[in-house]
Amino acid sequence: MAEAEREADVRVDEIERTGAKIVENITRVMVMQTETVELVLIAALAEGHILLEDVPGVGKTMLARATAISLGCNFGRIQCTPDLLPSDVIGVSVYNERTGEFEYHAGPVMTQVVLADEINRATPRTQSSLLECMAEGQVTVDGVTRRLPRPFLLLATQNPIEYEGTFPLPEAQLDRFFLRTNIGYPSVEQEHEIVTRLQHEHPIHDLQACTTPEEFTAMQVGVRRVLVDESVRDYAIRIVHATRTHPDVLLGSSPRGSLALVRGAQARAALHGRDYTVPDDVKALAPSVLNHRILLKPESRLRGRSATRLVEDLLERTEVGFEKEEG
């Protein structure tokens, strides 16, 4: 009861202040656009999970580690390979001859911040073992269900270029990710700064936590109370609905896309010091939240169309404003 009362006391200004410290803390390690760091923080505040799709060596693993340290959370890494088994991820029950009972040996997913590195190298069976973790925050081993620690954040990475020996994530699993984004190559100036920073010692060794897991969980609760006006909610839904009727789209976004847009808008509003959402919150998040939930027609891909660009076009065409049904 005391914990629930403490969570209820988290105000938007506290979320804004702590969020700014976390972003600044991560950018001490990561020389990158603050917008990308903010996206990761928004997903974490909205209790979502992140798919980082980028080439090797741009800092995906370091971003996950820096996020875990900044949140005061423990960190686990799963190196996905074709021989990885579901039990290697969620854990296994082992018989103890001395006690005559089965004992649960936790897998690496029983951690607060988990990096699933090169997730598309794991077999579909192993990939699917993460579905319960992502959707329900729990694992089931030998019929026994165990809750994952809070907060729980999964960051999965995959290489968008190298497909040999990989198992592409099916649409149902892609839909479980709150957003998909990339870090991208640094500019010349940024790369100079990276090389200079890492010349002697990596700055992550001196990184300190900005909050605690309990405080961050309270922030997640506070984000849910940010006001979402009916017009903003309608705007998000109309954008998602437009992905289902676009002539270039084979499969549009599910209702989970609408939920993610609204929850992400709440988190973004709180990080910007507002206790209410605005259409710009939805606009800023729509490309990252919806790009992996859309399957383009083959002929559209051959014409060079991309899901991200399609969402950007829909944002330009969709007017802001509540549309009431007639009659």
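The preceding data block contains the structure.
The structure displayed is predicted, hence computed values, not measured ones.

### Regarding the pattern of salt bridges
Scanning the model with the defined rule gives 16 salt bridges in all. Put simply, Glu-47 and Arg-224 hold a salt bridge, and the shortest N to O gap is 3.8 Å. You can see Glu-47 sitting in the loop between α3 (34-45) and β1 (50-53) and its partner Arg-224 sitting in helix α10 (residues 213-224), a full 177 residues away along the chain. On the basis of relative accessibility, which here comes to 36%, the residue Glu-47 falls in the partly exposed class. Note that Arg-121 is salt-bridged to Glu-118, the shortest N-O span being 3.2 Å. Among the ionic contacts, a cluster of salt bridges with common partners joins Asp-248, Arg-303, Arg-305, Arg-309, Glu-312 and Asp-313.

### A word on the pairing of strand β2 (residues 75-79)
On β2, burial follows the alternation: Gly-76 and Ile-78 on one face are buried, whereas Phe-75, Arg-77 and Gln-79 on the facing-out side are not. Looking at chain direction, β2 and strand β5 (residues 113-117) are connected through 5 bridges and run parallel. Counted as the bridge partner of Arg-77 is Leu-115 from β5.

### What about helix α4 (residues 60-70)?
Burial runs high along α4: 8 of the 11 residues are buried. Buried within α4 we find Lys-60, Met-62, Leu-63, Ala-64, Ala-66, Thr-67, Ala-68 and Ser-70. Directly after α4, the chain includes Gly-72, whose backbone phi takes a positive value near 70°.

### Some details on the side chain of Gln-190
On the secondary structure map, Gln-190 appears in helix α9 (residues 188-197). Those residues within four positions of Gln-190 in sequence are excluded, and the remaining contacts are Val-31, Met-32 and Gln-33.

### Quick word on the sheet that holds β5
Across the sheet, 5 strands lie side by side as β2-β5-β8-β1-β9; this open sheet has parallel pairing. The sheet is open, and its two edges are formed by β2 and β9 (179-181), each paired on a single side. Taking each pair of neighbouring strands and ignoring which way they run, the sheet shows an average axis angle of 20°. On the sheet, α3 packs against β1, β8 (153-158) and β9 and is oriented at approximately 165° with respect to β9. The sheet strands contacting α4 are β1, β2, β5 and β8, and the helix crosses β5 at an angle near 170°.

Parameters at a glance
The residue numbering used here restarts from 1 in each chain and proceeds along that chain's sequence as written. This being a predicted model, a pLDDT of at least 70 is required before a residue's local features are given, and a value of 80 or more before pairs of side-chain atoms are given or counted; all residues contribute to the totals for chains, interfaces and linings. Hydrogen atoms and water are omitted, and side-chain values are computed over all heavy atoms in the structure. Put simply, a salt bridge is a Lys or Arg side-chain nitrogen that is within 4 Å of an Asp or Glu carboxyl oxygen. Secondary structure elements follow DSSP: runs of H or I of four or more residues count as helices, runs of E of two or more count as strands, with numbering from the N terminus. Per-residue accessibility, obtained with a 1.4 Å probe over protein chains only, is compared with the maximum for each type, and a residue is labelled buried under 20%, exposed over 50%, and partly exposed between these values. By this definition, two strands are paired if DSSP reports at least two bridges between them. Contacts are assigned to residue pairs with any non-hydrogen atoms lying within 4.5 Å of each other. An axis is simply a line fitted to the C-alpha atoms; with a helix, the fit covers only the stretch in contact. Between two such axes, the angle follows the N-to-C directions and lies from 0 to 180 degrees.

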